[in-house]
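Given next are the chains, with one letter for each unit.
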There are 2 protein chains.
Amino acid sequence: MESGKDLRITLIGAGTIGLSFAALHLSHLPASSHLTIYDTRPDAEQYIRDNLPKFFSKASLPRSTSDVKIATSLHDAVSDADIIQESGPENLPIKQDLWAQVEKHAPKDALLWSSTSGILASQQAQKMQDPTRLLVVHPYNPPHLMPLLELVPSPSTSETAIRRTQDFWRARHRVPIHIHQETTGFVANRLAFALLREAIHLVDANVVSVAELDRIVESSMGPRWAVAGPFKSYHAGGGPAGLEGFFNNIGDTVQGCWSDAGNVNIGDGWEDKVFAQAREVYGTVDIAERDRITRRLLDVLEGERGKKTL
Amino acid sequence: MESGKDLRITLIGAGTIGLSFAALHLSHLPASSHLTIYDTRPDAEQYIRDNLPKFFSKASLPRSTSDVKIATSLHDAVSDADIIQESGPENLPIKQDLWAQVEKHAPKDALLWSSTSGILASQQAQKMQDPTRLLVVHPYNPPHLMPLLELVPSPSTSETAIRRTQDFWRARHRVPIHIHQETTGFVANRLAFALLREAIHLVDANVVSVAELDRIVESSMGPRWAVAGPFKSYHAGGGPAGLEGFFNNIGDTVQGCWSDAGNVNIGDGWEDKVFAQAREVYGTVDIAERDRITRRLLDVLEGERGKKTL
């Protein structure tokens, strides 16, 4: 259904994530399909018309932002939707009440997606009659640009809902990854925050500055992992014995780093120094410029993957 | 001196790292300068002539591999060198003896660099009379491609030696970062291994597979951190309040991930599963292909940095 015509997608919440998803959907929406946005703010229509165009960076689009329908009630927004995607506040009671309401008004086979970065689908579904269609679809910000989508079902989510969700995103050339267990922070953030934790320790201990640490990552792991993730990289680095060879060769150094890890926590007192360095060196980051360059890299990578060389 | 003419660079050790550095030096060596390689293997000359060309991937080079002098004794290799760079075995007694020998024969102001990934300069220097010229210059493999060089002096290394080393690499458009304290594993590996540790935990706990985890990183942090390191990225993500705003917004999720971290160790029993998955999904990695694509990304990034937009 999701790849066919007359697809009806409804977005709930027109914040930064919601509008970025709107731009992404518009870029891939067939002419016969429909995008609806619902937001509880009083000036929703004007706000969306004013801000949605900011999320487009390519010149030609199949659909214009005027094709978006702005719903004025939740009932109108979801009553004939095939996909309902919420990007609302990160607040458990709000999400629980939302899905209970959505369930009353939406078609029985509509897919229900949450953009949450932290509230598990199993928690969000607790006031629902039928939790089988609800799963987390967690983007890497901004979703109109970054390919990753973490699909995190609850134990109650059906295999069909997961498969339909994967098919939808694959058809749009995104990278939907099924996370097989509900886990605090999902996977991408857990990995990134593990590195960030050590980064904070190294700045706090005056080993390097915030700016030096960023330049290290930009000149090493960043480009490397854009091409080959950490396991593939270390498997390649281990010679004929692969990842096992890598650990045979420098496992002592790896364990040495692990045993010596900083393991800072929030409130330990590193905050003032680290925040001040970031403010001083970066001020206000030019996000449009960052995204423009990121898109150039992603275009290279997508082209290479299209050639099946990656 | 290092940026002038008649520069004499001597490499000790013609393994993978040594030859990759040789390719890098040849790419930037003025016509009047000299590159010498010394290796203790009996067939050193033939081995180097056969293998060095494999490290070149650009069509035109200012110097050919036949310009390399293969020294037949340590004395001959270092007696008139301006820079002596060792990429020998990761073995403390070998390095200590090497530097004691080098010191006897090399000019008094020659820079002494070690490519080690784990043996501190202060340890390597323990049999030297004058440790002020020795520092670690740790590459991110392969050095002929990846821009990062971690400069890790010992407490005895002179400021002059550090500055000369930085100047040398900056003149060659590399990214030399001064690590201000000798630290287990230096900085890049500590950061990468912190992420790898959590990655191993997530695969061991069946949250994702090796292949899924790599795709997550390749589609999110990899390209993002190639453009903007972790601090800059989260500073941008925190809105007007920067990194502090980021922690105000989702600090609870960050701490939740930290508190829930896997913290695996070598020998915990994850090895068989993780190594087997890597073998099964990747077999033998096509490193030349990986490096070709990485170079495309680095060319984009270098061009953007040249425009001073990064």
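Owing to the predicted nature of the structure, the values given are computational and were not obtained by experimental measurement.

Visitor: Hey, could you run me through the overall build of chain A in this one?
Guide: Counting its secondary structure elements, chain A contains 13 helices and eight strands. In terms of overall dimensions, chain A has a C-alpha envelope of 60 × 45 × 40 Å along the principal axes. Positive and negative charge centroids in chain A, built from 32 and 38 side chains respectively, lie 6 Å apart.

Visitor: How do you make sense of the domain arrangement of chain A when you look at a structure like this?
Guide: Frequently, the measure chosen for interface size is the accessible area that the parts lose on association. Residue and element names in this part refer to chain A. You can read the domains of chain A as domain 1 (8-178) and domain 2 (188-309). Look at where the C-alpha atoms of domain 1 and domain 2 centre, and you get two points 30 Å apart. Contacts between domain 1 and domain 2 engage 13 residues on the former and eight residues on the latter. Both sides together, the interface formed by domain 1 and domain 2 hides about 820 Å², and carbon and sulfur atoms give 57% of it. In this structure, the connection of domain 1 to domain 2 is made through zero salt bridges. The interface formed by domain 1 and domain 2 includes one residue pair in polar contact (both at pLDDT 80 or more). Of the residues contributing to the side of domain 1 that touches domain 2, the split by class is six nonpolar, five polar and two charged.

Visitor: Where do I start with the interface of chain A and chain B in this structure?
Guide: Listed as interface residues are 106 residues of chain A and, on the opposing side, 106 residues of chain B. Taken together, both faces of the contact between chain A and chain B bury some 10,400 Å²; the carbon and sulfur share is 70%. Interface area lost by chain A to chain B is led by A:R224, A:F231 and A:W258, which between them contribute 8%. Seen at the junction of chain A and chain B, the total is twelve salt bridges. Where A:D260 meets B:R190, a salt bridge forms, and the shortest distance between an N and an O atom there is 2.6 Å. Where chain A packs against chain B, one counts 38 residue pairs in polar contact (both at pLDDT 80 or more). With 15 residues, the top contributor of residues to the side of chain A that touches chain B is helix α7 (residues 188-204) of chain A.

Visitor: How do you make sense of the pattern of salt bridges when you look at a structure like this?
Guide: Pairing between side chains becomes possible if they bear opposite charge and their charged atoms approach one another. This model, assessed by the stated rule, comprises 32 salt bridges over all chains. A salt bridge links A:R133 to A:D130, with the shortest nitrogen-to-oxygen separation between them at 3.7 Å. Since its relative accessible area comes to 7%, A:R133 is described here as buried. The network of salt bridges with shared partners includes A:E289, A:R292, A:R296 and B:E304.

Visitor: I would appreciate a short explanation of the side chain of B:R224 in the present structure.
Guide: Along the chain, B:R224 turns up in helix α9 (residues 221-227). Of the buried charged residues, B:R224 lacks a salt bridge, with A:D291 as the closest side chain of opposite charge at 4.4 Å.

Visitor: Got a minute to help me understand the sheet that holds strand β3 (residues 69-71) of chain A in this structure?
Guide: Backbone hydrogen bonds hold the strands of a sheet together, and the pairing may be parallel or antiparallel. The eight strands are arranged β3-β2-β1-β4-β5-β6-β7-β8 (chain A) in an open sheet whose pairing can be described as mixed. Here the strands that pair on one side only, and so sit at the sheet edges, are β3 and β8 (175-178) of chain A. Neighbour-to-neighbour, the strand axes of this sheet turn through a mean angle of 25°, independent of strand direction. Sheet topology note: the strand β5 (residues 111-114) of chain A/strand β6 (residues 134-139) of chain A ladder contains three bridges and is parallel. Bridge pairing links A:W113 to A:L135 in β6(A). Contacts between helix α6 (residues 159-171) of chain A and the sheet are confined to β1 (8-12), β4 (83-86), β5, β6, β7 (148-153) and β8 of chain A, with β5(A) contributing the most and set at about 70° to the helix. Packing against the sheet, helix α8 (residues 210-218) of chain B makes contact with β7 and β8 of chain A, and its axis sits at approximately 140° to β8(A).

Visitor: How do you make sense of the relation of the copies chain A and chain B when you look at a structure like this?
Guide: Superposition of the two copies of the chain requires a rotation about an axis together with a shift along that axis. The transform that puts chain A on chain B rotates by 180° and translates by 0.0 Å along the axis, for an RMSD of 0.0 Å. Here the two chains are linked by the operation of a two-fold rotation axis. Taken as a fraction of all interface residues of chain A, those also at the interface in chain B reach 100%, which identifies the copy contact as same-surface.

Visitor: Help me understand the pairing of strand β8 (residues 175-178) of chain B, please; the structure alone is not making it clear to me.
Guide: Residue and element names in this part refer to chain B. Neither face of β8 is exposed, since V175 and I177 on one face and P176 and H178 on the opposite face are all buried. Examined bridge by bridge, strand β7 (residues 148-153) and β8 share four bridges and lie parallel to one another. Bridge pairing links L148 to V175 in β8. Taking the sense of rotation as the criterion, the β-α-β connection linking β7, helix α6 (residues 159-171) and β8 turns out right-handed.

Visitor: How should I be thinking about empty space enclosed by the protein in this particular structure?
Guide: Within this structure, the stated rule accounts for one cavity of 30 Å³ or more. Considered as a void within the structure, the largest cavity measures approximately 220 Å³ in volume. Lining the largest cavity are 18 residues; nearest its centre among them are A:A194, A:R197, A:N263, B:A194 and B:N263. For the lining of the largest cavity, the secondary-structure elements that each account for two or more residues are α7 and α11 (242-259) of chain A together with α7 (188-204) and α11 (242-259) of chain B. Ranked by residues supplied to the lining of the largest cavity, first place goes to α7(A) with five residues. Of the residues in the lining of the largest cavity, the class split is nine nonpolar, three polar and six charged.

Visitor: Sorry if this is basic, but what is going on with the confidence of the model for chain A here?
Guide: Any region with low pLDDT has predicted coordinates that should not be read closely. With 95% of its residues at a pLDDT of at least 70, chain A reaches an overall mean of 94. Here the predicted complex carries an ipTM of 0.96, next to a pTM of 0.95.

Visitor: Could you clarify how one ought to interpret the sheet that holds strand β4 (residues 83-86) of chain B in this entry?
Guide: Residue and element names in this part refer to chain B. Strand order across the open sheet formed by eight strands is β3-β2-β1-β4-β5-β6-β7-β8, with mixed pairing between neighbours. In this open sheet, the two edge strands, each paired with only one partner strand, are β3 (69-71) and β8. For this sheet, the mean angle separating the axes of adjacent strands, direction not counted, is 25°.

Visitor: In this structure, what is going on with the packing of aromatic side chains? I would like to understand it.
Guide: Any two aromatic rings considered together are summarised by their centre-to-centre distance and by the angle between their planes. Within this structure, the stated rule accounts for 24 aromatic pairs over all chains. When the centroid spacing of 5.7 Å and the interplanar angle of 40° are considered together, the rings of A:F275 and B:F247 count as tilted. Highlighted residues: A:F275 in helix α12 (residues 271-282) and B:F247 in helix α11, drawn from two different chains. Here B:F247 falls in the buried class, since its relative accessible area comes to 9%. Pairwise contacts between aromatic rings join A:F193, A:W270, A:F275, B:Y234, B:F246, B:F247 and B:W258 into one cluster. In this structure, A:R41 packs its charged tip against the face of A:Y47, placed 3.7 Å from the ring centre.

Visitor: Please clarify how the packing of α11(A) against α7(B) should be interpreted in this entry.
Guide: When two helices pack together, their arrangement is given by the angle between the helix axes and the distance between those axes. Where α11(A) contacts α7(B), the axes come no closer than 10 Å and their chain directions differ by 100°. As judged from the angle between their axes, α11(A) and α7(B) are roughly perpendicular. Across the interface between the two elements, A:F246, A:F247, A:I250, A:T253, A:V254, A:C257 and A:W258 from α11(A) touch B:R190, B:F193, B:A194, B:L196, B:R197 and B:I200 from α7(B).

Analysis parameters
What you see as residue numbers is a count from 1 along each chain, following the sequence as written. To read the labels, note that chains go from A and ligands from 1, taken in the order they are written. A pLDDT threshold of at least 70 governs which residues receive local features in this predicted model, and a stricter bar of 80 or more applies before side-chain atom pairs are shown or counted, although totals over entire chains, interfaces and linings include all residues. Each side-chain value is derived from all of the structure's non-hydrogen atoms; neither hydrogens nor water enter the calculation. Segments assigned H or I by DSSP are reported as helices when at least four residues long, segments assigned E as strands when at least two residues long, and all are numbered from the N terminus. Positive charges are assigned to Lys and Arg, negative charges to Asp and Glu, while His and the chain termini are left out of the count. Throughout, a charge is located at the NZ atom of Lys, the CZ atom of Arg, the CG atom of Asp or the CD atom of Glu. Boundary definitions for the domains trace back to an automatic or database domain assignment. Residue contacts are defined here by distance: any two heavy atoms, one from each residue, within 4.5 Å place the two residues in contact. A 1.4 Å probe defines the accessible area here, and the buried area is the portion of it lost by two parts on being joined, summed over both. Within this document, salt bridges are pairs made up of a side-chain nitrogen of Lys or Arg and a carboxyl oxygen of Asp or Glu, the two lying within 4 Å of each other. We call two N or O atoms a polar contact when they sit within 3.5 Å, provided that within protein one can donate a hydrogen and the other can accept it, with sequence-adjacent residues counted only if both atoms are side-chain atoms. Residue classes follow a fixed rule: Ala, Val, Leu, Ile, Met, Phe, Trp, Tyr, Cys and Pro count as nonpolar, while Asp, Glu, Lys and Arg count as charged, and any other residue, Gly among them, counts as polar. With a 1.4 Å probe rolled over the protein chains alone, any residue whose accessible area is under 20% of its type maximum counts as buried; one over 50% counts as exposed, and the rest are partly exposed. One bridge is not enough; two strands pair if DSSP finds at least two bridges between them. Helix axes are fitted only over the stretch in contact, all axes being lines through C-alpha atoms; the angle between N-to-C directions runs from 0 to 180 degrees. Superposing copies: least-squares fit, C-alpha atoms only, residues required to have pLDDT of at least 70 in both. Crossover handedness is defined here as right-handed if the route from the first strand over the helix to the second strand goes clockwise, with the strands pointing away from the viewer. Using only the protein atoms, space was sampled on a 1 Å grid; points where a 1.4 Å probe fits but cannot get out form cavities, open sets with protein on both sides within 12 Å along at least five of seven lines form pockets, and lining residues are those with an atom within 4 Å of a point. Grid points are joined across faces, edges and corners, and a volume is the space filled by probe spheres set on the points. Per-residue confidence from the predictor is given as pLDDT, running between 0 and 100. Paired rings are identified among Phe, Tyr and Trp, the last through its six-membered ring, by centres lying within 6.5 Å, and are further divided according to the angle between planes into stacked (under 30 degrees), edge-to-face (over 60) and tilted (the rest). Only Lys NZ and Arg CZ are tested; either one counts as a charge over a ring when it is within 6 Å of the ring centre and within 35 degrees of the ring normal. We call two directions roughly parallel when the angle between them is under 35 degrees, roughly antiparallel when it is over 145, roughly perpendicular when it lies between 65 and 115, and oblique otherwise.

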